[in-house]
Amino acid sequence: MKNFYITTPIYYVNDAPHIGHSYTTVLADILTRFHKLIGYQTFFLTGTDEHGQKVQQAAAKRQVDPQIHVDEYNQRFKKLWEKMNIEYNYFIRTTDADHKEFVAECLQKLWDKGEIYSKEYEGWYSVGEERFFSEEELVDGKDPISGRPVEWLKEKNYFFKMGMYQQKLITHLEENPDWILPDYRRNEILGFLKQPLNDLCISRPKSRLSWGIPLPFDDEYVTYVWFDALINYVSGVRNRAYENGEPIWPASYHLIGKDILTTHCVYWPTMLMALEIPLPKHVLAHGWWLTGGSKMSKSSGTGVNPMDYMEQFGVDAFRYFLAREMVVGQDCTFSDDAFKRRINSDLANDLGNVLNRVHRLVLTNFEGKLPKATQIDAPAQELITLANQVREQVFSGITQVKLSQVIEDIMSLVRGINRYLEIKAPWKLAKDPSAKDELASVLFTAAEAVRLSLCFLWPVMPTKTMEGLAMLGTTCEGEKDLHWGKFQGGESFGEGAPLFPRIEVEKAPPPPAKTKEQNKPVLATDVPSLLDLRCAKIISVEDHSDAESLYVLKVDAGESEVRTICSGLKKSYTPEELKDRLILLFANLKPAPLRGIMSMGMLLAGDGEEGKAVLVDPPANTPIGTRALFKGIIPSESRELKIKDFDKISLYVKDKTIFCNDNRLEFNGTPVSCDVKDEASVH
RNA sequence: GGCGGUUUAGCUCAGUUGGUUAGAGCGACGGAAUCAUAAUCCGCAGGUCCGGGGUUCAAGUCCCUGAACCGCUACCA
């Protein structure tokens, strides 16, 4: 018997469940049910990650014990999964005694093998993110992710010798090209592994974090998130087995979102190698559900909350949409329009309707008892052939995790039934008493095809398909029901109402005629008019914690928010020289992360002596935010520029003032100066 | 800046090792039908397969080059 063990990440218990959690879990559930349906032994593990500082703090804030806090909060996930018809085999919690025990066992084993060592470590620590940042990563002295304050900490910690496994991991990836799916994610990891792989810090002193699993060899410490969390995939099944007694590990698939690729494709396999535990068969990274227009704009207001759709239109329709619409691996947009269109056309018009047609025809013509077929003509044979073909597609597609494709294949069978009915027109046969036999055959054939379609869709919509099958007086019990020919004739049909009511959609105004054209290339001649160069003032200067030459500057460019920019001026200026100074800011440069810190623009400077940069000087009293213009060039509407667009032109200095071609740069008529010799370029 | 990917009908996408009239679903339009949830079925879309070169008897499919977009990565004055 073939085995199938799938996992979802364990979700952080403090997080409010959202579409991301739901999608991963639904996908795991559907894949599990499909494998079960086609005859595998299956095991499905999900759960919650319940240690860490955020839990400790949240509990403290509520003045409850952390354990009580997590006991309460993990219910949010459990309840959601129940509502969503998720049939996991086990829900693991990292606070389970069994899990803690196994993590400690693993740590002890690695310690005994010399795979873990201790080392003093100093750095900037962010409580909010529960991690250290290098100097360079900080933004204005704050944590670059949440912007919260950091503190300088010096402490001993324990490290796992992850670096030792770099080559072994690369070899594994090369020998197992489908270990990471989709393949482009594998390439990312191989790229990541071209650089030296560091060892992994796996501890936190209890003085700072007490809510965790103690290191068995030093009880002043607890183990750190990933070491604790990743091991759940093994600890959750090590004392369990399939019905036939076979062990469950290794996993067939670790299902993850693309954001935790590195932890699952680098940390985890090296940990397993060190522990001498077999690796999982595949890691499958899916994409994001995007809601509401462009990610940058908050004002568009077109965002929808996908979870509302589950409440409003039912769990099964919701599951169907998630599974059908997203190609596993890719991002996908969740829109009101797409949802309603998909549900109406596939579930209401095609599937629900054909079921209803057959059901009603049998009810009115045969008093609810399925008649037996007496003949198989060409159209019927064609439908049978199609059904067999779809069966093959389901079996092969599902083992390749081509879920949206499989569903589309099943729907092609549903459409085939509608076509068959149209050809045979049983409603006409019903009016001809001499055609009773033919009518019986048509309805029998159509009913069998509908039955099969519903069985195939059971993993996606467990409840609705069973309701549909009940309308046909049958059910689906597994692989044996996946063949043509289960119906014998004589089955009593049940009661029935339309399975998927059509969603009424307001007549949408005709979509604005979109002119489909790619963004026009930026021409060199257009750059001067597009440049948004502004007077700005440096408010603060800090060293980049992880870069030798970069300062992190906060500048006031006359906007509602202060901008952070990174600038390589350490060789040229001291922080004191920079503070409160007016600069020329290239404001519409596409933001780019520099050593981990987003730089929202770039300041301009000229090439001085000895490779030093000389800042451009706006005239003394220029109001902050004033835009500098090239004389004789009319500025055009602002558009975000890339650095390569800027490189298409050259700015140079003549008589201490700045020119582009022959156009001098001015603030309200006053030239902008830069104290470098003629012909020096400015950038 | 580096590496990788994407760009095919109005929309979302398939297109295997290069080979007859480039496909599917949805939508739009026209028609048929009326058992059914105003659902279904049939027909139709004259798509520069992003642009430009090249290889070939033959290219969406291989090579070069330009563009846009996306991902990873990068101390860019």
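Below is a summary of the structure that appears in this document. As the structure is a prediction and not an experimental result, all values here were calculated from the model. (Residues numbered from 1 in each chain as written. Chains lettered and ligands numbered in written order. Predicted model: local features only at pLDDT ≥ 70, side-chain atom pairs only at ≥ 80, totals over all residues. Heavy atoms only, no water.)

Moving on to the overall build of chain A. Of regular secondary structure, chain A possesses 20 helices and 31 strands. Here chain A has roughly 31300 Å² of accessible surface; of this, 50% comes from carbon and sulfur atoms. Averaging the positions of the 81 positive and the 95 negative side-chain charges in chain A gives two centres separated by 3 Å. (Helix = DSSP H or I, 4+ residues; strand = E, 2+ residues; numbered from the N terminus. Areas by Shrake-Rupley, 256 points an atom, 1.4 Å probe, with all protein chains shown as cover. Lys, Arg positive; Asp, Glu negative; His and termini not counted. Charge placed at Lys NZ, Arg CZ, Asp CG, Glu CD.)

Within the secondary structure, Val222 is located in strand E11 (residues 218-223). Sequence spacing of Val222 and Leu173 is 49 residues, and the spatial spacing of their C-alpha atoms is 32 Å. Not counting residues within four places of it along the chain, the set of residues in contact with Val222 comprises Ile202, Ser203, Arg204, Lys206, Leu209, Ser210, Gly212, Ile213, Pro214 and Leu215. (Contact = heavy atoms within 4.5 Å.)

The next point concerns the sheet that holds E11. Taking strand neighbours across the sheet as the criterion, the three strands line up as E9-E11-E10 in an open arrangement whose pairing is antiparallel. Of all the strands in the sheet, the pair left with one neighbour each is strand E9 (203-205) and strand E10 (214-215). Across two bridges, the pairing between E10 and E11 is antiparallel. Considered in E11, the bridge of Leu215 is made with Asp218. (Pairing = 2+ DSSP bridges.)

Our next topic: helix H16 (residues 436-457). Compared with the 32 Å implied by 1.5 Å per residue over 22 residues, the 32 Å span of H16 between its first and last C-alpha is a close match. Across the 22 residues that make up H16, a large majority, 19, are buried. (Expected span 1.5 Å × (residues − 1). Buried < 20%, exposed > 50% of the residue type's maximum accessible area, 1.4 Å probe, protein only.)

Where helix H11 (residues 315-325) meets helix H14 (residues 403-424), the axes come as close as 7 Å, and the angle between the chain directions of the two elements is 110 degrees. One way to sum up the angle between H11 and H14 is to call them roughly perpendicular. Between H11 and H14, the residues in contact are Tyr320, Ala323 and Arg324 and Leu403, Ser404, Ile407, Glu408 and Met411, respectively. Per-class residue counts for the contact of H11 with H14 are five nonpolar, one polar and two charged. (Axes fitted to C-alpha atoms, helices over the stretch in contact; angles between N-to-C directions. Parallel < 35°, antiparallel > 145°, perpendicular 65-115°, else oblique. Nonpolar A, V, L, I, M, F, W, Y, C, P; charged D, E, K, R; others polar.)

Not every one of the 53 residues close to RNA strand B is listed here, only the nearest: Arg357, Ser549, Leu594, Arg595 and His683. Backbone sugar and phosphate groups make up 68% of those atoms of RNA strand B lying within 4 Å of the protein. One of the backbone N or O atoms of Gly352 is found 3.1 Å from a base oxygen in RNA strand B. Between Asn353 and RNA strand B, the recorded distance is 2.6 Å, taken from a side-chain N or O atom to a sugar or linking oxygen. When residues in the surface near RNA strand B are grouped by element, the largest group, eleven residues, is from helix H12 (residues 336-366). Here the residues of the surface near RNA strand B sort into 18 nonpolar, 14 polar and 21 charged. (Near = heavy atom within 4 Å. Polar contact = N/O pair within 3.5 Å; in protein donor to acceptor, adjacent residues only side chain to side chain.)

Turning our eyes to something else, we now look at the packing of helix H1 (residues 19-37) against H14. Axis separation between H1 and H14 bottoms out at 12 Å; the angle between their running directions is 55 degrees. With respect to each other, H1 and H14 are oriented oblique. In this structure, the crossing between H1 and H14 has a hand that is left-handed. Only Leu403, Val406 and Ile410 of H14 make contact with H1, whose side of the interface consists of Leu27, Ile30 and Phe34. Here the contact of H1 with H14 is built from residues that sort into six nonpolar, no polar and no charged. (Left-handed = near helix turned anticlockwise from the far one by under 90°.)

Summed over the entire model, instances satisfying the criterion amount to 42 salt bridges. Among the salt bridges present, the one from Arg342 reaches Asp346, with a minimum N-O distance of 3.2 Å. On the criterion of helical spacing, the pair formed by Arg342 and Asp346 is a turn pair, its members being four residues apart in helix H12. Summarising the burial analysis for this pair, Arg342 and Asp346 share the class buried. Between Arg534 and Glu559 there is a salt bridge whose closest N-O contact spans 3.3 Å. Here Glu559 lies in the loop between strand E17 (551-556) and strand E18 (563-567) and Arg534 lies in strand E16 (residues 533-543), a separation of 25 residues in the sequence. The class of Glu559 is partly exposed, set by a relative accessible area of 29%. Bridged by salt links that share partners, the residues Asp29, Arg33, Lys36, Glu87 and Arg319 form one connected network. (Salt bridge = Lys/Arg side-chain N within 4 Å of Asp/Glu carboxyl O.)

What follows deals with the sheet that holds strand E7 (residues 180-181). If you trace the six strands from one edge of the open sheet to the other, you get E3-E2-E1-E12-E13-E7, paired in parallel fashion. The sheet is open, and its two borders are formed by strand E3 (90-93) and E7, each paired with just one other strand.

This part takes up H11. Counting buried residues in H11 gives ten out of eleven residues, a clear majority hidden from the surface. Taken together, the buried positions of H11 are Val315, Asp316, Ala317, Phe318, Arg319, Tyr320, Phe321, Leu322, Ala323 and Arg324.

In this section: the environment of His51. Mapped onto the fold, His51 is located in the loop between strand E2 (41-49) and helix H2 (53-62). For His51, a relative accessible area of 5% gives the class buried. Between the alpha carbons of His51 and Arg93 there is a distance of 9.4 Å; along the sequence they are 42 residues apart. Those residues in contact with His51 that sit more than four places away from it in its chain are Tyr12, Thr94, Thr95, Lys100, Trp211, Gly212, Ile213 and Asp228. Only 3.1 Å separates the side chain of His51 from the backbone oxygen of Thr94, close enough to count as a polar contact.

Here we take up the side chain of His35. You can see His35 is positioned in helix H1. Relative accessible area serves as the criterion here: at 4%, His35 is assigned to the buried category. In terms of polar contacts, His35 uses its side chain to reach the backbone carbonyl oxygen of Leu31, at 2.8 Å. Among residues more than four places away in sequence, those in contact with His35 are Phe4, Tyr40, Thr42, Ile398 and Thr399.

With that settled, the discussion passes to a positive patch on the surface. Among the surface-exposed residues, Lys590, Arg639, Lys642 and Lys644 lie close enough to one another that they form a single positively charged patch. Structurally, Lys644 is set in helix H20 (residues 643-646). With relative accessibility at 55%, the residue Lys644 sits in the exposed group. (Patch = residues over 30% accessible without salt bridge, like charges linked within 9 Å, V, L, I, M, F, W, Y side chains within 5 Å.)

This part is about the pairing of strand E19 (residues 582-586). The element E19 is largely enclosed, with a buried count of five among its five residues. The two faces of E19 match: Leu582, Leu584 and Phe586 on one face and Ile583 and Leu585 on the other face are all buried. Looking at chain direction, E19 and strand E22 (residues 602-603) are connected through two bridges and run antiparallel. In the sheet register, Phe586 faces E22, and the bridge partner there is Met602.

Summed over the entire model, instances satisfying the criterion amount to 29 aromatic pairs. Aromatic side chains Phe160 and Phe227 sit 6.3 Å apart centroid to centroid with 70 degrees between the ring planes, which places their arrangement in the edge-to-face category. Placement of Phe160 in strand E6 (residues 150-160) and of Phe227 in helix H7 (residues 225-230) is noted, with a sequence separation of 67 residues between them. In terms of burial, Phe160 and Phe227 fall into one category: buried. Ring pairing ties together the aromatic residues Tyr23, Trp289, Tyr309, Phe313, Phe318, Phe321, Phe334 and Phe339, which thus form one cluster. Lying over the aromatic face of Phe366, Lys436 brings its terminal NZ or CZ to 4.7 Å of the ring centre. Seen from the ring of Phe487, Arg451 lies directly overhead, with NZ or CZ sitting 5.9 Å from the centre. (Phe/Tyr/Trp six-rings, centres within 6.5 Å; stacked < 30°, edge-to-face > 60°. Lys NZ or Arg CZ within 6 Å of the ring centre and 35° of its normal.)

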